[in-house]
Amino acid sequence: MEPGPYDIGLVEGSISTPEEAERIVQVRKECRFLVTIGACATSGGIQALKNWADVEEYKRIVYASPQYIDTLDTASPVAAFVLVDFELRGCPVNKYQLVEVITALIAGRRPQIATSPVCLECKRAGNVCVMVAEGTPCLGPITHAGCGALCPTYGRGCYSCFGPSESAAAEALCAHCEKTGTSKPTIVRMLRSFNGYLEPFKQVGDKYERQAVNN
Amino acid sequence: MSVKPSTIERTIHVENLARVEGEGALYIKAVGDEITDVQLNIFEPPRFYEAFLRGRSYREVPDITARICGICPVAYQMSSCHALEQAHGVTVGEPLRTLRRLLYCGEWIESHVLHMFMLHLPDFLGYESVVTLAADHKDVVAKALALKKAGNDIVNFIGGREVHPINVRVGGFYRLPSKAKAKALRETLIKNREFAVETIRFMAGLEFPDFEQNYEFVAMKHPNEYPYCEGRIVSSSGIDIPVEAYLNEFEEIHVKHSTALHGRLKDGRTYLVGPLARVNLNFDQLPDSVKEIADEIGFKIPCKNNFKSIIARALETLFAVDHAIDILENYDDTPAPYIQIADKPGIGHGCSEAPRGILYHRYEVDGGGLIKNAVITPPTAQNQPQIEDDLRHFFPSVMEKSEEEATLRCEQLIRNYDPCISCSTHFLKLKVDRST
């Protein structure tokens, strides 16, 4: 890395190796504002699925010589290691939101990024609700806005590329999905995808997994 | 005391070929004229996709595998869908299979244009990056960006968004977009077509290092069309196998210096996948509109100089533009967007032509629709040993040049393979050790 200081540092990717855990501390020191962009840097991303698994076994599944692989047991959000000034959600991020964050930081104001759920964007788009009309499980009510309710617009349920919205009522939504026929293991998988390591997805997913195992 | 040239030891060590995703480095050691070691190190963090796909529903697979690559998510989605459809004993026929080709056209255009102009061209024209190149060639870069955007627009149209499309499912699509949108998209493509033609002429006029190798080219081949998702796997030395036999012919080995597995033929030989392999093995399937321009610029197959892969990319870009224009002309939004699939246990193989070459997937599914096993072989892993082999043969020809120039030419060679966006960016720290 070229020595700083930098005005804004944009970090993508989760922290998943010992070397990255050291480097992020240095990156933080060199940047006035540190912004994480995307699900991996903000929640650990899809790689964080290894946080629930035996990493030694994962190495054996993928690599013929697991002893060559140096990895941490977890893939973590950047904020688990250093202070982050702003987290930009999404897998992928919304490019207009990225421009807004940079513009706001340059102007010295707070980025105007809505923290409301996808459900609100979906209503504004005038979509027929896939959950009410067709019984399709949808994470729109508990997912951070930013995609423009893309999946419901195409007739499928939201799978939460943007992770939990502010005060997401994950437990209530999952209870509803269960009541309308979604199995417990399916609910666990729904919560554990691209942002499964963020709360409340993690806590509710873990609870449903315990129940599924006990059944 | 004078030293004989043959005892001079020279090491080229590029510590960081890349940024956060796809981190790599280059290491070359030579004693005299003899290259003693070449390593293209890939130390990208291990990501374990094949491991965590186990136990997921097959319906989730195209959404998950798309995330392996932000540049070619469509390739991952298509290989996944074809493999999983085979596992369930179904085939997606017309008109959906043609719409999948349309989606793939978009990905080739955006990926090829990005690589040709933003990543590779600065090497040929002696610029440090596309930003400095744009200062002198603003017009070309602006038109290239417009053409790339037309590719994005195709993926956006049928896939729902340009990165990690959401409209792809095993069995087809979730919803077919409207005819009105198809018409507007077709007009955009027609507007950008002329630049796709100019691009071929422009790339043909570049100066290419004289570096021909006796490559084993490997690509898909289809009896009636230029290959995207269907066909057999063929090679320049006569391999001709169905996709299901991929693992009998090719293997992946794990070397210490790389978290990317190395692909090779079962007999140990390296091979080359990507645009040059495709054009060489499928030239007869290109439409006349593309063949005529290939003829005009004097492009002959077999072309054995991979520095000219930039011309192959240009030819394929025009093909993709023309093919998309044709498909959109007859676009109809009324058919069912997907076929129904019933859960059943099975094994399926899928292979498609990612912008960088063949991408093979194999899945085993249980009766409840969950994945038991997954194998994914990306093109860059298959090309990596070939890149090292190229460097071994190429390095002596630049050994006498300055460190800066020698390193630059080696990087240019690596970029012939378009290994991935981060592996192809221009910032490098070079360490050269000379001992006598």
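What you see is a predicted model; the values in this text were computed from it and never measured.

> Just checking my understanding: could you explain the interface of chain B and chain A for this structure?
A common measure of how large an interface is: the accessible area buried when the components associate. With 36 residues of chain B at the interface, the matching set in chain A holds 37 residues. Between chain B and chain A, the buried area comes to about 3400 Å², and carbon and sulfur atoms account for 61% of it. Connecting chain B to chain A are three salt bridges. Between E162 of chain B and K95 of chain A there is a salt bridge whose closest N-O contact spans 3.0 Å. Taken together, the links from chain B to chain A amount to 11 residue pairs in polar contact (both at pLDDT 80 or more). Within the residue set of the side of chain B that touches chain A, elements represented by two or more residues are α1 (49-52), α2 (61-65) and α6 (138-159) of chain B. Ranked by residue count, the leading element in the side of chain B that touches chain A is α1 of chain B, at four residues.

> Help me out: how do you make sense of the packing of helix α8 (residues 170-179) of chain A against helix α10 (residues 201-214) of chain A in this one?
The axes of two packed helices give the description: the angle between them and the distance between them. Residue and element names in this part refer to chain A. It is at 9 Å that the axes of α8 and α10 come closest, and there the two elements cross at 40°. The handedness of the crossing between α8 and α10 is right-handed. Facing α8, whose interface residues are A170, E171, C174, A175 and E178, α10 presents V204, K207 and Y208.

> Quick question: what am I supposed to make of the sheet that holds strand β12 (residues 357-365) of chain B here?
Paired through backbone hydrogen bonds, the strands of a sheet run either parallel or antiparallel to each other. Residue and element names in this part refer to chain B. Pairing is antiparallel in the open sheet, where three strands are placed in the order β11-β12-β13. Two strands bound the open sheet, and with one partner strand each, they are β11 (346-354) and β13 (371-377). Strand after strand, the sheet turns through a mean of 15° between neighbouring axes, direction not considered. Note: β11 against β12, nine bridges, orientation antiparallel.

> Where do I start with helix α1 (residues 18-30) of chain A in this structure?
Turn by turn, an α-helix covers 3.6 residues, leaving residues three or four places apart pointing in a common direction. Within α1 of chain A the residues assigned to the buried category are E20, A21, I24, V27, R28 and E30 of chain A. Among the structural elements, β1 (6-11) and β2 (31-37) of chain A are those in contact with the buried residues of α1 of chain A.

> Which parts of the structure should I look at to understand the sheet that holds strand β7 (residues 232-235) of chain B?
Residues and elements named next belong to chain B. The strand order across the open sheet formed by three strands is β6-β7-β8, and the pairing between neighbours is antiparallel. Each having just a single partner strand, β6 (218-221) and β8 (240-241) make up the two edges of the open sheet. Pairing geometry for β6 and β7, over four bridges, is antiparallel. Looking at β7, one finds that M220 is bridged to I233.

> Explain the pairing of β2 of chain A to me, please; I cannot follow it from the model alone.
Two faces make up the sheet, and in a regular strand the side chains alternate between them. Residues and elements named next belong to chain A. Counting buried residues along β2, five of its seven residues qualify, which places the element largely inside the surrounding structure. Of the pairings in the sheet, the one linking β1 to β2 comprises five bridges and is parallel in character. Bridge assignment links V11 to a residue of β2, and that residue is T36. Crossover handedness for the path β1 to α1 to β2: right-handed.

> So what exactly am I meant to see when it comes to the environment of T377 of chain B here?
Residues and elements named next belong to chain B. Tracing the backbone through its elements, the reader meets T377 in strand β13. Taking relative accessible area as the criterion, T377 reaches 1% and is therefore assigned buried. Placed 17 residues apart in sequence, T377 and Y360 show a C-alpha to C-alpha distance of 5.2 Å.

> Got a minute to help me understand the state of the cysteines in this structure?
Residues and elements named next belong to chain A. In this structure the tally under the stated criterion is zero disulfides over all chains. Unpaired in terms of disulfides, C158 finds its nearest cysteine sulfur in C138, a separation of 5.2 Å. Taking the relative accessible area as the measure of exposure, C158 reaches 9% and is therefore buried. Residue C177 stays outside any disulfide, its sulfur separated by 6.0 Å from that of C174, the closest cysteine. Given the relative accessible area of 2%, C177 is considered buried.

> I tried to follow the pattern of salt bridges on my own but got confused; where do I start?
Side chains carrying opposite charge are able to pair once their charged atoms draw close together. All names here are of chain B. Scanning all chains against the criterion turns up 38 salt bridges over all chains. Salt-bridge contacts for D284 lead to K221; the nearest nitrogen and oxygen are separated by 3.5 Å. In this pair, D284 sits in the loop between α9 (275-282) and α10 (288-296) while K221 sits in strand β6, placing the two residues 63 residues apart along the sequence. Of the residues examined, K221 reaches a relative accessible area of 27% and is grouped as partly exposed. Close ionic contact of R356 with D418 constitutes a salt bridge, the shortest N to O distance being 3.5 Å. Of this pair, R356 sits in the loop between β11 and β12 while D418 sits in the loop between α13 (403-415) and β14 (430-435), placing them 62 residues apart in sequence. Its relative accessible area of 1% is what places D418 among the buried residues. When salt bridges with common partners are traced through the structure, they connect E94, R97, R101, E225 and E230 into a single cluster.

> What exactly am I supposed to notice about the packing of aromatic side chains here?
In this description, an aromatic ring pair is defined by two values, namely the gap between the centres and the angle between the planes. Residues and elements named next belong to chain B. According to the stated counting rule, one finds 20 aromatic pairs over all chains in the structure shown. On the numbers, 5.5 Å between centres and 75° between planes, the contact of F124 with F208 is edge-to-face. Pair noted here: F124 is in helix α4 (residues 96-125) and F208 is in the loop between α7 (179-204) and β6, with a separation of 84 residues, a long-range link. No difference in accessibility class separates F124 from F208, as the two residues are buried. Plain terms: the ring middles of F211 and F394 are 5.2 Å apart, the flat faces sit at 75° to each other, and that makes the pair edge-to-face. Pair noted here: F211 is in the loop between α7 and β6 and F394 is in helix α12 (residues 379-398), with a separation of 183 residues, a long-range link. Residue class for F211 comes out buried when judged on its relative accessible area of 6%. Taken together, the aromatic side chains of Y104, W108, Y226, Y228 and F319 make up a single cluster linked through ring pairs.

The rules behind these values
- Residues numbered from 1 in each chain as written.
- Chains lettered and ligands numbered in written order.
- Predicted model: local features only at pLDDT ≥ 70, side-chain atom pairs only at ≥ 80, totals over all residues.
- Heavy atoms only, no water.
- Contact = heavy atoms within 4.5 Å.
- Buried area = accessible area lost by both parts, 1.4 Å probe.
- Salt bridge = Lys/Arg side-chain N within 4 Å of Asp/Glu carboxyl O.
- Polar contact = N/O pair within 3.5 Å; in protein donor to acceptor, adjacent residues only side chain to side chain.
- Helix = DSSP H or I, 4+ residues; strand = E, 2+ residues; numbered from the N terminus.
- Axes fitted to C-alpha atoms, helices over the stretch in contact; angles between N-to-C directions.
- Left-handed = near helix turned anticlockwise from the far one by under 90°.
- Pairing = 2+ DSSP bridges.
- Buried < 20%, exposed > 50% of the residue type's maximum accessible area, 1.4 Å probe, protein only.
- Right-handed = clockwise from strand over helix to strand, strands pointing away.
- Disulfide = S-S within 2.5 Å.
- Phe/Tyr/Trp six-rings, centres within 6.5 Å; stacked < 30°, edge-to-face > 60°.

It is worth stressing that arrangement in space is one thing and function is another; only the former is reported here.
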